[in-house]
Amino acid sequence: MQTQSQNLLALYRRFIGKSEVPVAYHIWSCLATMAALVQDRVWIEKLRDEKLFAHLFVFLIGDSGSGKGTAISKAMRLAKAAVPQDCNFWTYRGRLTAPGLIDLLAKGQPQDKETFDESIIRNPRLFLICDELANAVRKGRDSEEVFKFLTEIYTGYYDFQDTTRTSGNKRIENACVTWLAGSAQDWLADTMTLEIAKSGFTARTVFVEPEMDYSVRYYREQLPPDYEELKQQIITRFLALNIVRGEFKLTSAARNLERVWYESRQVPTDDLLIPAWKREQDILLKLSMLVSLADGGPLLIQDYHMITAMRLVDEVRSKVPRVVEIVARTNETKPVEIVRQAIKRKGVVAHTPLLRLLYRRGITAKTMRAATHHLLQEGVIQVRQSSVTKRLEYLWLK
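Since we're looking at a predicted model, the values are computed, not measured.

Asker: What am I meant to see in the pairing of strand β10 (residues 205–208) here?
Answerer: The side chains of a regular strand alternate, residue by residue, between the two faces of the sheet. Residues Thr-205 and Phe-207 point to one face of β10 and Val-206 and Val-208 to the other, with burial holding for every one of them. Pairing of strand β3 (residues 57–61) with β10, which is carried by four bridges, proceeds in the parallel orientation. Residue Leu-60 lies in a different strand from β10, and its bridge partner there is Val-208.

This is how it looks when you write it as structure tokens:
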């Protein structure tokens, strides 16, 4: 079988088989790994004399036990198997602080004895892995500094300087960082503040939060019969990504699709969503490069690559309002979200069983009444009398 004859994402989809882990977690883990492997060796010149690289920040959002770590680990094992140890592919899985990140970037720079200068970190490459964001980034000032620092160096085309009393001046030149992280909703709210969400970080990040279907059951993952063959093909394709280099071009059809898409987008009515809306084109072009790379052909973005990238952008950008909503929670709004999720998960639930369920989560009858009233005014639930029991029940509408 010809390794380059099949799309890498299609191979990966077959490779993962069937399990209770959402397919979206696997596909986005694969995309993030691809971005980390190509680093800054491929680019698009979106603006004259400025390169847009393919690296990504990808956050997998979902309940504990939903499979975020499983998807991340599977992609990482394949990447580790594909890349030689002496290759410039530096990964880190652990706690994060802004000073620690600077040290990590120093380790992730190519070693050149002739040009080495400890005060300059040249062309560092880093793949950050966080199975659970809250375990890696401590709440408070540490998290703010980490998010701000990564936002600052995200572009990868500019120099960044950091000065401390102990380390002196450090200049970071042309950093390229890809970040793949998982987080539960509540822990995301503990780690990321509303101020961070309103900043450029959210605009630069892909948030993946698939709908969970708990009726789907696989007591063991169901792998394809050619699992080992697929595994080797993916490893070979990952290895090829580690050496690809050059500038991407767009066909006239792809460029026309990009123009029509860009000019027809609706401006968000919520000002908090404007930064993400403004950077959608960057995410689109990054994904177009990765989708093209998945085909294994020349560095050329065809119209069908652009269409696939548009679908991916629509899929994840619809989650941005939800992320802003999560990190904006206060002590007053948290009970509303708990009640919202409880009714949504049930679909239809009677008043008394709901009250018992919520009481175990610290929600009293008075608080539940206020929360359901809010959801009723929001138009996402309906309160009615059961035709069978004649008792009060709540119906999820969306």
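Asker: In this structure, what is going on with the sheet that holds strand β15 (residues 381–385)? I would like to understand it.
Answerer: Note on sheets: strands pair through backbone hydrogen bonds, and any given pair is parallel or antiparallel. A sheet is described by the order of its strands in space; here three strands give the open sequence β14-β16-β15, paired in antiparallel fashion. With one partner strand each, in any of the chains shown, β14 (348–350) and β15 form the two edges of the open sheet. Between one strand and the next, the sheet's axes are offset by a mean angle of 25 degrees, whatever the strand orientation. In terms of strand pairing, β14 meets strand β16 (residues 392–396) through three bridges, oriented antiparallel. Looking at β16, one finds that Val-348 is bridged to Leu-395.

Asker: How do you make sense of the nonpolar core when you look at a structure like this?
Answerer: Generally speaking, nonpolar side chains in soluble globular proteins are found buried as a group. Trp-28, Met-34, Phe-59, Trp-179 and Phe-238 are the most contacted members of the largest nonpolar core, which totals 102 residues. Examining the composition of this core, we find that 12 residues originate from one element, helix α2 (residues 23–38), more than from any other. Once residues within four sequence positions are removed from consideration, Met-34 is found in contact with Leu-8, Leu-9, Phe-238, Leu-241, Leu-290, Leu-293 and Ala-294.

Asker: Looking at this model, I keep getting lost on the pattern of salt bridges. Mind explaining?
Answerer: If the charged atoms of two oppositely charged side chains come close together, the side chains can form a pair. The final tally for this structure, using the stated rule, is 16 salt bridges. Put simply, Asp-63 and Arg-345 hold a salt bridge, and the shortest N to O gap is 2.8 Å. You can see Asp-63 sitting in the loop between β3 and α3 (68–82) and its partner Arg-345 sitting in helix α16 (residues 334–346), a full 282 residues away along the chain. Take Asp-63: its relative accessible area is 26%, and that puts it in the partly exposed class. Between Arg-322 and Glu-325 there is a salt bridge, and its shortest N-O distance comes to 2.7 Å. With Arg-322 and Glu-325 both in helix α15 (residues 320–327), this residue pair falls three residues apart, about one helical turn.

Asker: How should I be thinking about the packing of aromatic side chains in this particular structure?
Answerer: In this description, an aromatic ring pair is defined by two values, namely the gap between the centres and the angle between the planes. By the definition in use, this model includes 11 aromatic pairs. Pairing Phe-57 with Tyr-154 gives two aromatic rings, centres 4.9 Å apart and planes at 75 degrees, and the pair type is edge-to-face. One end of the pair, Phe-57, is in strand β3; the other, Tyr-154, is in the loop between α6 (141–153) and β7 (159–164), with 97 residues separating them in the sequence. With relative accessibility at 6%, the residue Tyr-154 sits in the buried group. For the pair Phe-147 and Trp-179, a centre-to-centre distance of 6.0 Å together with 35 degrees between the ring planes defines the contact as tilted. In this pair, Phe-147 is assigned in helix α6 and Trp-179 in strand β9 (residues 176–183), connecting sequence segments 32 residues apart. Feature note: the residues Phe-57, Phe-59, Phe-147, Tyr-154, Trp-179, Phe-201 and Phe-207 constitute an aromatic cluster, connected by ring pairs. A cation sits over an aromatic face here: Lys-51 above Trp-43, 4.0 Å from the ring centre.

Asker: Please explain a nonpolar patch on the surface as it appears in this structure.
Answerer: Together, Leu-376, Val-383 and Leu-392 line one region of the surface with nonpolar side chains, adding up to about 210 Å² of accessible area. Assignment of secondary structure puts Val-383 in strand β15. With a relative accessible area of 33%, Val-383 lands in the partly exposed category.

Asker: Looking at this structure, how should I read the sheet that holds strand β11 (residues 246–247)?
Answerer: Across the sheet, which stays open at both edges, the three strands sit in the order β2-β1-β11 with mixed pairing between neighbours. Strands at the two margins of the open sheet, each flanked by one partner only, are β2 (50–53) and β11. Bridge analysis of strand β1 (residues 42–47) against β2 gives three bridges, and the strand direction is antiparallel. Looking at β2, one finds that Leu-47 is bridged to Glu-50. Here helix α13 (residues 280–295) sits on the sheet in contact with β1 and β2, set at roughly 150 degrees to β1.

Asker: Looking at this structure, how should I read the environment of Glu-20?
Answerer: Inspection of the secondary structure assignment puts Glu-20 in the loop between α1 (8–16) and α2. For the pair Glu-20 and Ser-66, spaced 46 residues apart in sequence, the C-alpha separation works out to 7.7 Å. Once residues within four sequence positions are removed from consideration, Glu-20 is found in contact with Ser-66, Val-216, Arg-217 and Tyr-218. In terms of polar contacts, Glu-20 uses its side chain to reach the backbone amide nitrogen of Tyr-218, at 2.9 Å.

Asker: Help me understand the side chain of Glu-258 in this model?
Answerer: In this fold, Glu-258 is placed in helix α11 (residues 252–264). Buried Glu-258, no salt bridge; nearest opposite-charge side chain is Arg-255, N-O distance 5.0 Å. Beyond its immediate stretch of four places on either side in the chain, Glu-258 contacts Leu-250, Gln-281, Leu-284, Leu-285, Met-306 and Met-310.

Asker: What is the right way to read the packing of α11 against α13 from this model?
Answerer: Working note: a packed helix pair is described by the angle between its axes plus the distance between those axes. Packing of α11 against α13 leaves a shortest axis separation of 11 Å and a crossing angle of 155 degrees. Between α11 and α13, the angle is such that the two are roughly antiparallel. Between α11 and α13 lies a crossing whose hand is right-handed. On α13, the residues that touch Glu-258, Trp-261 and Tyr-262 of α11 are Glu-280, Gln-281, Leu-284 and Leu-285. Tallied by class, the residues present in the contact of α11 with α13 amount to four nonpolar, one polar and two charged.

Definitions and cut-offs
- Residues numbered from 1 in each chain as written.
- Predicted model: local features only at pLDDT ≥ 70, side-chain atom pairs only at ≥ 80, totals over all residues.
- Heavy atoms only, no water.
- Buried < 20%, exposed > 50% of the residue type's maximum accessible area, 1.4 Å probe, protein only.
- Helix = DSSP H or I, 4+ residues; strand = E, 2+ residues; numbered from the N terminus.
- Pairing = 2+ DSSP bridges.
- Axes fitted to C-alpha atoms, helices over the stretch in contact; angles between N-to-C directions.
- Core = buried A, V, L, I, M, F, W, Y, C linked by side-chain atoms within 4.5 Å.
- Contact = heavy atoms within 4.5 Å.
- Salt bridge = Lys/Arg side-chain N within 4 Å of Asp/Glu carboxyl O.
- Phe/Tyr/Trp six-rings, centres within 6.5 Å; stacked < 30°, edge-to-face > 60°.
- Lys NZ or Arg CZ within 6 Å of the ring centre and 35° of its normal.
- Patch = residues over 30% accessible without salt bridge, like charges linked within 9 Å, V, L, I, M, F, W, Y side chains within 5 Å.
- Areas by Shrake-Rupley, 256 points an atom, 1.4 Å probe, with all protein chains shown as cover.
- Polar contact = N/O pair within 3.5 Å; in protein donor to acceptor, adjacent residues only side chain to side chain.
- Lys, Arg positive; Asp, Glu negative; His and termini not counted.
- Parallel < 35°, antiparallel > 145°, perpendicular 65-115°, else oblique.
- Left-handed = near helix turned anticlockwise from the far one by under 90°.
- Nonpolar A, V, L, I, M, F, W, Y, C, P; charged D, E, K, R; others polar.

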